[in-house]
Amino acid sequence: MFLKTATTRILSRITSTPPHKSQIGLRFLGGQAASPLQESVVEEEMEWENLGFGLVQTDYMYVMKCGEENEFEAGQLSRFGNIELSPSAGVLNYGQGIFEGTKAYRSENGGLFLFRPQENAIRMQIGADRMCMQSPSVHQFIHAVKQTALANRRWIPPPGIGSLYIRPLLIGSGPVLGLAPSSEYTFLVYASPVGNYFKEGTKPINLYVEDVFHRAGRGGAGGVKSITNYAPVLKAMRRAKDKGFSDVLYLDANNKRDIEEVSSSNVFMLKGNVISTPPTNGTILEGITRKSIMDIARDLGYQVEERSIPIEELLGADEVFCTGTAVVVAPVGSITYKGNRVEYKMSTELGCLKLHSTLVGIQRGEIEDSRGWLVQIE
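The rules behind these values
Residues numbered from 1 in each chain as written. Predicted model: local features only at pLDDT ≥ 70, side-chain atom pairs only at ≥ 80, totals over all residues. Heavy atoms only, no water. Salt bridge = Lys/Arg side-chain N within 4 Å of Asp/Glu carboxyl O. Helix = DSSP H or I, 4+ residues; strand = E, 2+ residues; numbered from the N terminus. Expected span 1.5 Å × (residues − 1). Buried < 20%, exposed > 50% of the residue type's maximum accessible area, 1.4 Å probe, protein only. Phe/Tyr/Trp six-rings, centres within 6.5 Å; stacked < 30°, edge-to-face > 60°. Contact = heavy atoms within 4.5 Å. Polar contact = N/O pair within 3.5 Å; in protein donor to acceptor, adjacent residues only side chain to side chain. Core = buried A, V, L, I, M, F, W, Y, C linked by side-chain atoms within 4.5 Å. Axes fitted to C-alpha atoms, helices over the stretch in contact; angles between N-to-C directions. Parallel < 35°, antiparallel > 145°, perpendicular 65-115°, else oblique. Left-handed = near helix turned anticlockwise from the far one by under 90°.

A.B. asks: Can you walk me through the pattern of salt bridges in this structure?
C.D. replies: Opposite charge on two side chains permits pairing when their charged atoms draw close. Per the stated rule, a full pass over the model turns up 16 salt bridges. As a salt-bridge pair, E306 and R290 come within 2.5 Å of each other at their nearest N and O atoms. Within this pair, whereas E306 is found in strand β14 (residues 303–306), its partner R290 is found in helix α7 (residues 288–299), the two being separated by 16 residues in sequence. Of the charged contacts, one joins R298 and D295 as a salt bridge, the two residues approaching to 3.3 Å between their closest N and O atoms. Of this pair, R298 and D295 both sit in helix α7, three residues apart, roughly one helical turn.

A.B. asks: Can you walk me through helix α4 (residues 117–130) in this structure?
C.D. replies: An α-helical turn contains 3.6 residues, so a residue and the one three or four places further along point in the same direction. When the terminal C-alpha atoms of α4 are compared, their 20 Å separation across 14 residues agrees well with the 20 Å that a helix rising 1.5 Å per residue should span. Of all 14 residues in α4, eleven are buried; the element is thus mostly enclosed. Remark: C132 follows α4 within two positions and exhibits a positive phi of approximately 55°.

A.B. asks: Is there a simple way to explain the packing of aromatic side chains in this structure?
C.D. replies: Geometrically, a pair of aromatic rings is defined through the distance of the ring centres and the angle of the planes. Inspection of every chain in the model, using the stated rule, returns nine aromatic pairs. A centroid spacing of 5.0 Å and a plane angle of 85° characterise the contact between Y197 and F198, whose relative ring orientation is edge-to-face. Since its relative accessible area comes to 27%, Y197 is described here as partly exposed. Looking at F198, the relative accessible area reads 9%, which means it is buried. Each ring, one from F268 and one from F321, has its centre 5.1 Å from the other, and the planes form 0°; the classification is stacked. Of this pair, F268 sits in strand β12 (residues 266–271) while F321 sits in strand β15 (residues 319–324), and the two are 53 residues apart along the sequence. For F268, a relative accessible area of 1% translates into the label buried.

A.B. asks: What should I look at first to understand the environment of E261 in this one?
C.D. replies: Within the element layout of this structure, E261 appears in strand β11 (residues 259–262). In this structure E261 comes out as buried when scored by relative accessible area, which is 4%. In this structure, the C-alpha to C-alpha distance between E261 and C322, residues 61 residues apart in sequence, is 8.5 Å. Residue contacts for E261: discarding those within four places in its chain leaves R215, V248, L249, Y250, N266, V267, T283, I284 and L285. Side chain to side chain, E261 and R215 meet in a polar contact 3.2 Å long.

A.B. asks: So what exactly am I meant to see when it comes to unusual backbone geometry here?
C.D. replies: Most peptide bonds take the trans form, and the phi angle of most residues other than glycine is negative. Non-glycine residue R116 carries a positive phi angle of around 55°. Accessibility expressed as a relative area gives 7% for R116, which makes it buried. In this structure, C132 is a non-glycine residue whose phi angle is positive, near 55°. In this fold, C132 is placed in the loop between α4 and α5 (138–151).

A.B. asks: How should I be thinking about the nonpolar core in this particular structure?
C.D. replies: The tendency in soluble globular proteins is for nonpolar side chains to be buried side by side. Counting residues in each nonpolar core, the largest one holds 38 residues, and the members touching the most others are I166, L170 and F187. Secondary structure elements with two or more residues in this core: β2 (60–66), β6 (112–115), α4, α5, β7 (163–172) and β8 (185–194). When residues in this core are grouped by element, the largest group, eight residues, is from α5. Once residues lying within four places of it in the same chain are set aside, the contact partners of I166 are E100, G101, T102, K103, A104, L114, V145, A149, V189, Y190 and A191. Residues A297, F321, V328 and L350 belong to the second largest nonpolar core, which totals 23 residues.

A.B. asks: I tried to follow the environment of K65 on my own but got confused; where do I start?
C.D. replies: Structurally, K65 can be placed in strand β2. What makes K65 partly exposed here is its relative accessible area of 30%. Between the C-alpha atoms of K65 and L170, which are 105 residues apart in sequence, the distance is 9.5 Å. Look past the residues within four positions of K65 in its chain and what remains in contact with it is E71, F72, E73, S173, E184, Y185 and T186. In this structure the side chain of K65 is engaged in a polar contact, spanning 2.8 Å, whose partner is the side chain of T186.

A.B. asks: It is not clear to me how the packing of α4 against α5 should be interpreted in this structure. Could you clarify?
C.D. replies: A pair of packed helices is captured by two measures, namely the crossing angle of their axes and the spacing between those axes. Between α4 and α5, whose axes approach to 9 Å, the crossing angle comes to 125°. Taken together, α4 and α5 sit at an angle that is classed as oblique. Between α4 and α5 lies a crossing of right-handed hand. Across the interface between the two elements, P117, Q118, N120, A121, I122, M124 and Q125 of α4 pack against V138, F141 and I142 of α5.

So this is what it looks like as structure tokens:
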């Protein structure tokens, strides 16, 4: 209910006002201008096939600030580098920060595309509203993402190998001592070329069901992309990975029975011709890949439903898979719950593989985009 109400409120605020023209003077954070020589440095040899999901420092980031007037000033591209914050910044003291994740893709014909960036912009506004933060407009958000992708275009991997992961970040950068919203907000966007999120690559992943720690509780911020959602899952993730698992599947905090999501992705199950996923009721992030997969599944003839799924039912599914901007669509090979390991049959005919190939085909411009999801930037 919160997300639906917030979405309605956010959409009502979106106007057709064009974004500020970016000052693409390519300045350093300290104000020093970039020289033509620096701009003409030959691109280093990249082993694109060996890309994982780690940070590769690219050339530029985009920075924009909002002060007490509650309006974001014109943003600008700066060389990728450190930022300066007060020790009493709201993000450092009270965790007032949210982030997004989207990707830029290179098509076979050389075009550069973003995938549904307006959805990221709206989700950031919903998250900012929940965290009492000022947020950039949809137009400012998309403009910043476009400029970041174009400024780092040489880091976008060749078609079919990877993508440029783009991280928009909104933080409370103003000083604050007592518990209160920040007096200033900084919106910045940086990027890194990435390959597969999991070390298994495209192989099935193995999940561990966590029944001690919880990712989120009712009334909290689990349904928005707050930075405060992620540090609490690190302990559970470390425990699982030390035992050889890929990631953790969390149960609801109330009865420890219904599945919620994986550390950084949504989860689906397939039984017969029905694809099911938990509803986004305030504790589960409304993933953009999740929404896209649901639409694609309906196009492919599946029945799609959002409902509570007990862990016992998940263990009896024909298929289980995860979705997210980082993971895309990842088949689950096994789930371990209370010491019992359930394995799922793997084949080239998996439904999730069909969903994956369709989604990726649309993102790369290889399959017709009938819904207008793609934004071409070059």
